[in-house]
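# Observations on the three-dimensional arrangement
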Amino acid sequence: MTEWVGAAITSKVAFLLSMNVLLLIVGCVMDMVSAIVILAPLLVSLGRVYGIDPVHLGIIMIINLEIGLLTPPLGINLIVAMSAFRENFSSIARGVLPFVGLMLVGLLIVSFVPALSLGLQ
């Protein structure tokens, strides 16, 4: 798989963007722990090909999957908020949209400025 992706995606930036899109989609439909167990070994080996530190890759994975927990169709955190605040799903989802936008901006910053996640290492 690493050879196939390495041939299909030639730059580190393209790999990070495609990985972010994949993880956002997976985060929308799958539980965080399951996604980490399934995807982490694959993405760490691919990250080595592109010279991405495993700690940096792990932080990117967690941020992506957390954003996925806040977005429909599954949106586990939205369902918990819906029952806690006794609001309907659509009003909770609309209220979360600005925060998801901010989290996406933060995700892009963390993805392309590795010193933020590796500064304390």
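Residues numbered from 1 in each chain as written. Predicted model: local features only at pLDDT ≥ 70, side-chain atom pairs only at ≥ 80, totals over all residues. Heavy atoms only, no water.

Let us look at unusual backbone geometry. The omega angle of the peptide bond from Pro72 to Pro73 is 15°, so this bond is cis rather than trans. On the secondary structure map, Pro73 appears in the loop between α4 (54-69) and α5 (76-85). (Helix = DSSP H or I, 4+ residues; strand = E, 2+ residues; numbered from the N terminus.)

Attention shifts here to the side chain of Ser117. Along the chain, Ser117 turns up in helix α7 (residues 115-118). Residue Ser117 is classed as buried on the basis of its relative accessible area of 15%. (Buried < 20%, exposed > 50% of the residue type's maximum accessible area, 1.4 Å probe, protein only.)

Between its terminal C-alpha atoms α4 stretches 22 Å, which fits the 22 Å expected from 16 residues at 1.5 Å a residue. Taken residue by residue, α4 has His56, Leu57, Ile60, Met61, Asn64, Leu65, Ile67, Gly68 and Leu69 as its buried positions. Along its buried surface, α4 packs onto α2 (12-29), α3 (32-49), α5, α6 (89-112) and α7. Between the side-chain oxygen of the N-cap and the backbone nitrogen of Val55 there are 2.9 Å, and the N-cap of α4 in question is Asp53. (Expected span 1.5 Å × (residues − 1). Contact = heavy atoms within 4.5 Å. Polar contact = N/O pair within 3.5 Å; in protein donor to acceptor, adjacent residues only side chain to side chain.)

The terminal C-alpha atoms of α2, which comprises 18 residues, lie 26 Å apart, in line with the 26 Å expected from a rise of 1.5 Å per residue. All of the buried residues along α2 are Phe15, Leu16, Met19, Asn20, Leu23, Val26, Gly27 and Cys28. Close packing links the buried residues of α2 with α3, α4 and α6.

All right, on to the packing of aromatic side chains then. Inspection of the entire model under this criterion finds one aromatic pair. Ring centres 4.6 Å apart and planes at 15° place the aromatic pair Phe15 and Tyr50 in the stacked group. A residue pair is termed long-range when its members are at least 10 positions apart, and Phe15 in helix α2 and Tyr50 in the loop between α3 and α4 qualify at 35 residues. Accessibility expressed as a relative area gives 12% for Tyr50, which makes it buried. (Phe/Tyr/Trp six-rings, centres within 6.5 Å; stacked < 30°, edge-to-face > 60°.)

Within the fold, Ile36 resides in helix α3. With a relative accessible area of 29%, Ile36 lands in the partly exposed category. Put simply, Ile36 and Leu23 are 13 residues apart on the chain and 9.8 Å apart in space, counted from C-alpha to C-alpha. Dropping the residues within four chain positions of it, Ile36 is found in contact with Pro41, Met61, Ile62 and Leu65.

These values are about where atoms sit, not about what they do.
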